[in-house]
Structure formats: C-alpha cells, structure tokens
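# Chains, contacts and geometry: an overview
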Amino acid sequence: KGHLWFTIERPHERFEGVPALYFELAPNYFSYGCGYWDASPATMAKLRRRIETDPKRLEKLVRKLNKSRFTLSGEQFNAEGDVGKLLNPWYNAKNIAVSYDDNPEAAVHAGAQRRSLAGFRELMPLYLYLDSLGGRSRTE
C-alpha cells in the first residue's frame, strides 16, 4: 500500500457527514488535519445555516486557524453566497477540511510527534464545532 491513514472519529454507521482527525503518511509527503472525508449536502447546509445565524463562533476558530500551519482545502461552489471575506471560503465549500502537509522525512525527525500532537490539540475546537453539526449538544 502506498499510503498509511490513521483517523480518529466518533462511532458511526456511515463515513459521510462525520468529521475526523486524520494523519496520512505517503511516499512523498505526510499530512494531518481535521474535516470531512465526504460531507453530505445536508451537513454542509447545516454549516451554512450556522454561519448565517451564528457567525462569531466560526469566525473565532477561523482567525486562529489562519495564524496556524493549517490550510483550508476542499472544492468550492462558483457562487453560493457572500457572508464576508473571512467566512466565504467556508460558506461556499462543497466539503471542509483543514490540513498541514510536509515532506515524509519531517514526520520522523525528532519532535515531529510532539508537533503533530500539538497540531491535533489546535484542531480540537474545529473538530467539536463540526461534530456539533450532527445534532449533538455537548459542545453547543
């Protein structure tokens, strides 16, 4: 196998619509982050409604992420809506994930595990936010 994946997610019946923390090791890079493998349209609609009704919560998370090593990825709609420069990429996303990529040698250097663990701690507020879109109220 060319890639090794490790994911942390809550128990579920279907992979779509459930966020995960992940670590991937490949021959020419390693990557880790948080997001959806395949968010359902209903989940993304919930995210858009949440942005429309309570933008401050995601704004706070996005500002922190914008200062971190993580970058937002995922396909964008051509013109879904305009909720402001900061949240437009999140609002107009067909899928959501944030990740950090580096060369594979960096994954085995001293301190890489510590940096990765610190990165996962940085991502936990986003994971909890995304997980709350599924209707669980523990993070609301």
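So, a few notes on the structure that sits alongside this text. Within any chain, residue numbers begin from 1 and follow the written order of that chain's sequence. At least 70 in pLDDT is required for a residue's local features to be given in this predicted model, at least 80 for side-chain atom pairs to be given and counted, and no such filter applies to totals for whole chains, interfaces and linings, which use all residues. By convention in this description, side-chain values take in all heavy atoms of the structure and omit both hydrogens and water.

Moving on, we come to the pairing of strand β2 (residues 19-25). In terms of residue burial, β2 counts as a mostly covered element, since 5 of its 7 residues are buried. DSSP-based pairing: two strands are paired if at least 2 bridges between them are found. Here a strand is any run of E in DSSP of at least two residues, a helix any run of H or I of at least four, and the numbering for each starts at the N terminus. In the sheet, β2 pairs with strand β3 (residues 30-36) via 7 bridges, with the strands oriented antiparallel. What sits directly across from Leu-25, in β3, is Phe-30. Counting the residues in the hairpin turn of β2 and β3 gives 4 residues. Exposure is judged per residue with a 1.4 Å probe applied to protein chains only, and the accessible area is read against the type maximum: over 50% gives exposed, under 20% gives buried, and values in between give partly exposed.

A few words now on the packing of helix α1 (residues 41-53) against helix α2 (residues 55-66). Note on geometry: axes are lines fitted to C-alpha atoms, helical ones only across the stretch in contact, with angles between N-to-C directions running from 0 to 180 degrees. Interhelical geometry of α1 versus α2 gives an angle of 100 degrees and a closest axis separation of 6 Å. Here α1 lies roughly perpendicular to α2, going by the angle between them. Residue-level inspection shows Leu-47, Arg-50, Ile-51, Glu-52 and Thr-53 of α1 in contact with α2, the latter providing Pro-55, Arg-57 and Leu-58. In the scheme used here, Gly and all other residues not listed as nonpolar or charged are polar, with Ala, Val, Leu, Ile, Met, Phe, Trp, Tyr, Cys and Pro taken as nonpolar and Asp, Glu, Lys and Arg as charged. Split by residue class, the contact of α1 with α2 holds 4 nonpolar, 1 polar and 3 charged. Any angle between 65 and 115 degrees counts as roughly perpendicular, while under 35 counts as roughly parallel, over 145 as roughly antiparallel, and the rest as oblique. Here, two residues are considered to be in contact whenever any of their heavy atoms come within 4.5 Å of each other.

Note on placement: Ser-68 falls in the loop between α2 and β4 (71-73). Here a polar contact means two N or O atoms within 3.5 Å. Within protein one must be a hydrogen donor candidate and the other an acceptor candidate, and residues neighboring in sequence count only if both atoms are side-chain atoms. At 2.7 Å, the side chain of Ser-68 and the backbone oxygen of Leu-65 are in polar contact. In this structure the side chain of Ser-68 is engaged in a polar contact, spanning 3.2 Å, whose partner is the backbone nitrogen of Phe-70.

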